[in-house]
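# Chains, contacts and geometry: an overview
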Amino acid sequence: MKQFSSLTIYLLFVISSTSISKQIIVNKYGSVKTIHAALEIASVNDKIIIKSGNYNEYNLMVNKSLDIIGDGNPVINGENKGEVFTVRANDVIIEGLTIKNAAESFLSDNAGIKLDTVKNCLIKNNKLINNFFAIYLANSADCQVLNNIIIAHGNSEVTSGNGIHLWYCKNIKIENNNISGQRDGIYFEFVRNAKIVGNISHDNLRYGLHFMFSDSCEYWKNIFVHNGAGVAVMYTKFVNMHDNYFTDNWGAASYGVLLKEIEYSQIEKNNFESNTTGLYLEGCDHIKVDHNEFDNNGWAIKLMANSEVNTFISNNFIGNSFDIATNSMQNFNTFNGNYWSKYSGYDLNKDGVGDIPFRPVRLFSIMVEQQPTSLVLLHSFFINLLDAAESFIPALTPPALMDNSPIMRKIN
Amino acid sequence: MPFSRNIVYLLLLVEVILLSSCSKESPKINYGHDLCSECSMQIMDTKYGAVLITKKGKAYKFDSIECLVDFYLKNVIPRDEDESMWVIDFTKPKTLIKAESAIYIRNDHFHSPMGINVAAFITEDAAEKIMNRYGGDKLSWTDLLKVLKIKRLM
């Protein structure tokens, strides 16, 4: 009997402690009319449910662990007056809201949702429209950003911020977001161990993805299409990019992916299609580029002289104006077992591997590198003649840069 | 001989046009188009930026002060060919001021493009105003070179 009573006391305690976390309904026509009021009366672990309607509110400070859930797509409009949500507590969930018009600012990076020095937060199923920065994480860890739609109509680069911006963060997952019209779609600076999966970043003013000093991050199944300057990643080690699409980035300074001072990284099974330059490497080493598809680019790969110990294996190069361009006569990189649509060698022993090596650097690409205006001569008879002569007796192209076992058929 | 005189005038005119197009004055950064000569990034943020002009009049443009300093410290171009160096005044976006005489503040409130978080100001007053509000370290051009040189070695 004594045991029984202590059990009931325990149960009562459990029940009462869970019932402490309450629900607060924000409704234009209810007792709590504003989100500000709800945040004020809420205590730790409460759930704030925002009913549908327009809420013109900004500088909403979340400084306790709360679930903030939209019911019926409520719209929170910052009216270009400040930041919309600033989260300064762990374990916060923000879900199902439409957040608009976080103000442009000179000194502060106003965002639709900013997480500042927090852990274990979840930002899910929100729509962020025309914010200066959309989702901004600073000094945070173990957070997730899932299924958000981010749209901006930034028409000038200078007055627009980034879509998903991370600064000094670790263990962050960014999945299935759709980002457009911001300055950079996804931007990382000083980030560790982030996973970026299944996002679509398109029509951003500058880069679809841009990161610096962000080691050990993994990017897969993302689509980066039609961004002002493509994707640029720099000063980083241990990058793993696989199964991504880098498509349709045209312009003198546009790249499918620009790699600058990247080391010990993998670029696998990606698709580089219709870019001015598919993949650009400068000051990179120990990068494994394999099983990628390079189709219909101006330049499939530009490999700058200061890059070494990189390997290019089992890639398809199909219909590019130039397969490889370089600015050096030396080569410290390996090309092996790729398929080149320009290869015109033969395979007498029928082992699927061409009997003579393929030299992917055209003489003309060297000329263009030194004299960009000579590009008007592309496809001219004279240039084809020069290229043919050079391929027999290499004099101006790097003699060591060749694929000794070019594959005869497209690699699947 | 009116014919030859015309030619002389014509040559003079051509010369004037050529000379004027070689002018080394008023450098400008075309935001959203120009690329940084150091880090290759497209230059976007109008609060930051820098230009180095050589004696021959070639302008190297940078997205940030730290990129200019990196480029400068690497001696990419011989020192005796430098003509002038310019940085953007933080309080007046897109406006270039002389790098050597500018006042610099380093502070994590500035998210300068390459992560060194330094901004330039034309006068002590302008710098003090920002310092009073946000704090930070005040540096001269030579201080800045020293700080970034140490950082490069790390």
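What you are looking at is a predicted structure, and each value in this text was computed from that prediction instead of being measured. (Residues numbered from 1 in each chain as written. Chains lettered and ligands numbered in written order. Predicted model: local features only at pLDDT ≥ 70, side-chain atom pairs only at ≥ 80, totals over all residues.)

### Considering the overall build of chain B
In terms of helices and strands, chain B carries 4 helices and 7 strands. Helices (α) and strands (β) of chain B occur, in sequence order from the N terminus, as α-β-β-α-β-β-β-β-α-β-α. Looking at chain B as a whole, 35% of its 154 residues qualify as buried. (Helix = DSSP H or I, 4+ residues; strand = E, 2+ residues; numbered from the N terminus. Buried ≥ 20, exposed ≤ 12 C-beta atoms within 10 Å, placed from the backbone.)

### A word on the overall build of chain A
Looking only at helices and strands, chain A has 4 helices and 38 strands in total. Dimensions of chain A, computed from C-alpha atoms along their principal axes, come out at roughly 95 × 55 × 30 Å. Burial statistics for chain A: of 412 residues in total, 43% are counted as buried.

### Digging into the nonpolar core
Membership of the largest hydrophobic core comes to 137 residues, with the highest contact counts inside it found for Val-231 of chain A together with Ala-50, Leu-68 and Val-87 of chain B. With near-sequence residues (within four places) excluded, Val-231 of chain A lies in contact with Tyr-207, Gly-208, Leu-209, Phe-224, Phe-246, Tyr-255, Gly-256, Val-257 and Leu-258 of chain A. (Core = buried A, V, L, I, M, F, W, Y, C linked by C-beta atoms within 7 Å. Contact = placed C-beta atoms within 7 Å.)

### Some thoughts on the sheet that holds strand β3 (residues 82–88) of chain B
Residue and element names in this part refer to chain B. The 4 strands lie next to each other as β2-β1-β3-β4, forming an open sheet whose pairing is antiparallel. Both outer strands of the open sheet, β2 (59–62) and β4 (96–98), are each paired with one neighbouring strand and no more. Strand-to-strand, the axes of this sheet are offset by a mean angle of 25°, without reference to chain direction. Two elements, strand β1 (residues 50–54) and β3, share 5 bridges in a ladder whose sense is antiparallel. Across the sheet, Thr-54 pairs through a bridge with Asp-82, a residue of β3. (Pairing = 2+ DSSP bridges. Axes fitted to C-alpha atoms, helices over the stretch in contact; angles between N-to-C directions.)

### Quick word on the interface of chain B and chain A
Counting from both sides, the interface comprises 12 residues of chain B and, opposite them, 17 residues of chain A. Class assignment of the residues belonging to the side of chain B that touches chain A gives a composition of 5 nonpolar, 7 polar and no charged. (Nonpolar A, V, L, I, M, F, W, Y, C, P; charged D, E, K, R; others polar.)

### Remarks on the environment of Lys-28 of chain A
All names here are of chain A. With respect to the helices, strands and loops of the structure, Lys-28 is situated in the loop between β1 (23–26) and α2 (35–41). Taking the number of C-beta atoms within 10 Å as the measure of exposure, Lys-28 has 12 and is therefore exposed. Along the sequence, Lys-28 and Tyr-55 sit 27 residues apart, while their C-alpha atoms lie 8.4 Å from each other. With residues near it in sequence (within four places) discarded, Lys-28 still touches Lys-33 and Gly-53.

### Overview of the confidence of the model for chain A
In the predicted model, chain A carries a mean pLDDT of 91, and 94% of its residues have values of at least 70. At the level of individual helices and strands, chain A shows its lowest average pLDDT in helix α1 (residues 2–20) of chain A, which scores 54, and its highest in strand β14 (residues 144–146) of chain A, which scores 98. (pLDDT = per-residue confidence, 0-100.)

### Thoughts on the domain arrangement of chain A
When the parts of a complex come together, some accessible area is lost, and that lost area is often taken as the interface size. Residue and element names in this part refer to chain A. Under the domain assignment used here, chain A contains domain 1 (21–228) and domain 2 (230–412). Here domain 1 and domain 2 have C-alpha centroids that lie 39 Å from each other. Secondary-structure elements contributing two or more residues to the side of domain 1 that touches domain 2 are β22 (209–212), β23 (218–220) and β24 (223–225). For the side of domain 1 that touches domain 2, a count of residues per class yields 11 nonpolar, 7 polar and 3 charged. (Domains from an automatic or database assignment.)

### Re the confidence of the model for chain B
Scored by pLDDT, chain B comes out at a mean of 84, with 83% of its residues at no less than 70. Both scores are given for the predicted complex: the pTM is 0.85, the ipTM 0.73.

### Thoughts on the pairing of strand β6 (residues 118–121) of chain B
Residue and element names in this part refer to chain B. Because side chains alternate across β6, one face comprises the buried residues Val-118 and Ala-120, and the other comprises Ala-119 and Phe-121, equally buried. One ladder, built from 4 bridges, connects strand β5 (residues 103–106) with β6; its direction is antiparallel. By the bridge assignment for β6, Ile-105 is matched with Ala-119.

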